[in-house]
Amino acid sequence: MIIDRTRGTLRLGYPAAAGVFAVGMAGTTLPTPLYGLYRAQLGFSELMVTVVFAVYALGVITVLLLAGNVSDEVGRRPVLLCALGLSAASALCFVFEGGLPMLLLGRVLSGFAAGLFSGAATAAVLELAGPGQEAHAGFAATAANMGGLGCGPLLSGLLAQYAPWPLVLPFLVHLFLVAAAAGVTWFLPETVGRPHRPRKLRPQRLRLPPEVRGVFTPSAVAAFAGFSLLGLFTAVAPSFVGETLGVHNLAVAGLIVFTVFLGSTAGQSLTERIGVRRALPGGCLVLVVGLLLVATSLAVTSLPLLVIGAVCGGVGQGLAFRAGLTAVGRAAPPEHRGGTISAFFLVAYLGISLPVVGVGALTLVLGLRGAGLAFSGCVIVLAVAVGLYVLLHPPADED
């Protein structure tokens, strides 16, 4: 049951909630351009970089399984405040980093925060939309997610390259942003009627409401493929840029990662015009083109092709991601929306973790270039299969 609120309050509510969402997600990608510095300081391998990255995804998946629907019970605002607290704790782990264990702990805490944000913040943004604002709120939710993820490496890359304390200052800045976001969250309207304390946290069986099952599988698998591309760039691209292309500017590395998420946000902005029915298979097609360009850039060692492939792949990921999230969110009943969205993100984050660890393992045998080519081929096959399936079984379009 959703509390009925005045239209003016709702207008103010969803952009503020989207801003909180963006700040929270930015913290999860702050370390991306810094992994090279940590490797030099601590002396671990490329495989360990992907393991550190994947530990974050493990944290996300754990929270989605244990507490994916908790905001449906206790309310959106308490969960958002808890997520911001975990994000602050993660930043402190990096500020006082003393070795690999603290890096791993910081990434796990960051994953816990992202897991809470994924369901609760998305639902809060959608529910704070006033009449006629649903489309804008849907874009705000997905853009805050992808835009926040993209701004993290851009911010840390710029600060690490051009400001003092490269391994500390980015996280101090993020702590300030988290404090500001917590202040905004405190004044957000609660959208869950009769919030109550859950009896206990226990592993959830991923039971989807009957209304959702028809659209969930193709939407979630498309998200898996798209998030695999995001995982490749956030975990491995900075190393490829530095070791293979000889570009050691951290700001450039952060900017390249940012272009993927910029493309994703652009793709999301087009989804409403194209329609869910066409955007989901269309996004898979554009994702395939982007992956082919990325693979070509790896083969011929071309930075411009890598950037173009990043933007193109990001556009495809954004189209498919927003179309899938929109279809799933519309099909889910309000009382199960948070849990259903969390299940969607669980599948997506499997895509950002499992393939990336595989790439890290392959680098030990094939090197960065060979591992990237093998990865691109596998995701291309998956995206083509999903696109064909959705063409044959399209989700319902807008009412």
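Because the structure is predicted, anything quoted here is derived from the model rather than measured.

Rules behind the numbers
Numbering of residues begins from 1 in every chain and follows the order in which that chain's sequence is written. This being a predicted model, a pLDDT of at least 70 is required before a residue's local features are given, and a value of 80 or more before pairs of side-chain atoms are given or counted; all residues contribute to the totals for chains, interfaces and linings. No hydrogens and no water enter the side-chain calculation; it runs on all heavy atoms of the structure. Only runs of H or I of at least four residues qualify as helices and only runs of E of at least two qualify as strands under DSSP, and these elements are numbered from the N terminus. Computation of the radius of gyration draws on C-alpha atoms alone. For the globule rule, the value is 2.2 Å times the number of residues to the power 0.38. A pair of Phe, Tyr and Trp rings is counted when the ring centres sit within 6.5 Å of each other, with Trp represented by its six-membered ring. The angle between the planes then sorts it: under 30 degrees is stacked, over 60 is edge-to-face, the rest tilted. The rule is simple: take the accessible area with a 1.4 Å probe, protein chains only, and divide by the maximum for that residue type; under 20% is buried, over 50% is exposed, in between is partly exposed. Per-residue confidence from the prediction method is given by pLDDT, with values spanning 0 to 100. Here a residue-residue contact requires only that any non-hydrogen atoms of the pair lie within 4.5 Å. One side-chain nitrogen of Lys or Arg within 4 Å of one carboxyl oxygen of Asp or Glu is enough to make a salt bridge. In the cavity and pocket records, a cavity denotes points on a 1 Å grid over the protein atoms alone where a 1.4 Å probe fits but cannot get out, a pocket denotes an open set with protein on both sides within 12 Å along at least 5 of 7 lines, and lining residues are residues with an atom within 4 Å of a point. Grid points are joined across faces, edges and corners, and a volume is the space filled by probe spheres set on the points. Each residue is assigned to one class: nonpolar for Ala, Val, Leu, Ile, Met, Phe, Trp, Tyr, Cys and Pro, charged for Asp, Glu, Lys and Arg, and polar for all the others, Gly among them. To define a nonpolar core, start from buried Ala, Val, Leu, Ile, Met, Phe, Trp, Tyr and Cys residues and group those joined through side-chain atoms within 4.5 Å. The axes used here are C-alpha line fits, helices contributing only the stretch in contact, and every angle between their N-to-C directions lies in the interval 0 to 180 degrees. Each angle gets one of four labels, with under 35 degrees taken as roughly parallel, over 145 as roughly antiparallel, 65 to 115 as roughly perpendicular, and the rest as oblique.

**Concerning the overall build of the protein**
For step 1, the next point in the chain: Each helix and strand counted, the protein has 14 helices and zero strands in total.
For step 2, the next point in the chain: Starting at the N terminus, the α and β elements of the protein follow one another as α-α-α-α-α-α-α-α-α-α-α-α-α-α.
For step 3, the next point in the chain: Taken over C-alpha atoms, the radius of gyration comes to 20 Å for the protein, in line with the 21 Å a tight globule of 399 residues would show.
For step 4, the next point in the chain: Principal-axis analysis of the C-alpha atoms places the extent of the protein at approximately 55 × 50 × 35 Å.

**Some details on the packing of aromatic side chains**
For step 1, the next point in the chain: On inspection of all chains with the given rule, the structure shows nine aromatic pairs.
For step 2, the next point in the chain: Ring geometry for Y38 and F94: centres 6.2 Å apart, planes at 55°, overall tilted. In this pair, Y38 sits in helix 2 (residues 35–42) while F94 sits in helix 5 (residues 76–95), placing the two residues 56 residues apart along the sequence. F94 matches Y38 in its accessibility class, with the two residues each being buried.
For step 3, the next point in the chain: Each ring, one from F344 and one from F345, has its centre 5.9 Å from the other, and the planes form 85°; the classification is edge-to-face. Side by side, F344 and F345 carry an identical accessibility label, which is buried.
For step 4, the next point in the chain: An aromatic cluster is built from Y56, F227, F321, F344, F345 and Y349, whose rings are joined through pairwise contacts.

**Digging into the confidence of the model for the protein**
The predicted coordinates should not be examined in detail at positions where pLDDT is low.
For step 1, the next point in the chain: Per-residue pLDDT for the protein has a mean of 85; in total, 92% of the residues score no lower than 70.
For step 2, the next point in the chain: For the protein, helix 10 (residues 237–243) is the element with the lowest average pLDDT, namely 79, and helix 8 (residues 169–186) is the one with the highest, namely 96.
For step 3, the next point in the chain: Every residue in residues 1–12 scores below 50 in pLDDT, and together they form 23 contacts with partners more than four places removed in sequence or on other chains.

**Description of the pattern of salt bridges**
For step 1, the next point in the chain: This model, assessed by the stated rule, comprises two salt bridges.
For step 2, the next point in the chain: D72 is the salt-bridge partner of R76, the closest N and O atoms lying 2.8 Å from each other. For the pair shown, R76 and D72 are each scored as buried.
For step 3, the next point in the chain: The exposure class of R76 is buried, given its relative accessible area of 3%.
For step 4, the next point in the chain: A cluster of three or more residues bridged by salt bridges with shared partners is formed by D72, R76 and E127.

**Describing empty space enclosed by the protein**
Sizing a probe to match a water molecule and rolling it over the atoms shows the empty space that remains.
For step 1, the next point in the chain: Under the defined criterion, the tally for this structure stands at five cavities of 30 Å³ or more.
For step 2, the next point in the chain: Of the voids in this model, the largest cavity is the one considered here, and its volume is about 100 Å³.
For step 3, the next point in the chain: Contributing to the lining of the largest cavity are L232, F233, V236, A237, F240, V294, L298, L306, V359, L368 and G372.
For step 4, the next point in the chain: With three residues, helix 14 (residues 337–392) is the single largest residue contributor to the lining of the largest cavity.
For step 5, the next point in the chain: Grouping the constituent residues of the lining of the largest cavity by class yields 10 nonpolar, one polar and no charged.

**Quick word on the nonpolar core**
For step 1, the next point in the chain: With 120 residues, the main nonpolar core has Y38, F117, F216, F233, F344 and Y349 as its most contacted residues.
For step 2, the next point in the chain: For this core, the leading source of residues is helix 14, giving 19 residues.
For step 3, the next point in the chain: The contacts of Y38, once residues within four sequence positions are left out, are G43, F44, F94, E97, L103, L167 and F171.

**Remarks on the packing of helix 7 (residues 134–162) against helix 11 (residues 250–274)**
For step 1, the next point in the chain: Remark: helix 7 packs on helix 11, axes separated minimally by 7 Å, with the N-to-C direction vectors making an angle of 170°. As the angle between them shows, helix 7 and helix 11 are arranged roughly antiparallel.
For step 2, the next point in the chain: Each residue belonging to the contact of helix 7 with helix 11 can be placed in one class, and the counts come to 17 nonpolar, 10 polar and one charged.

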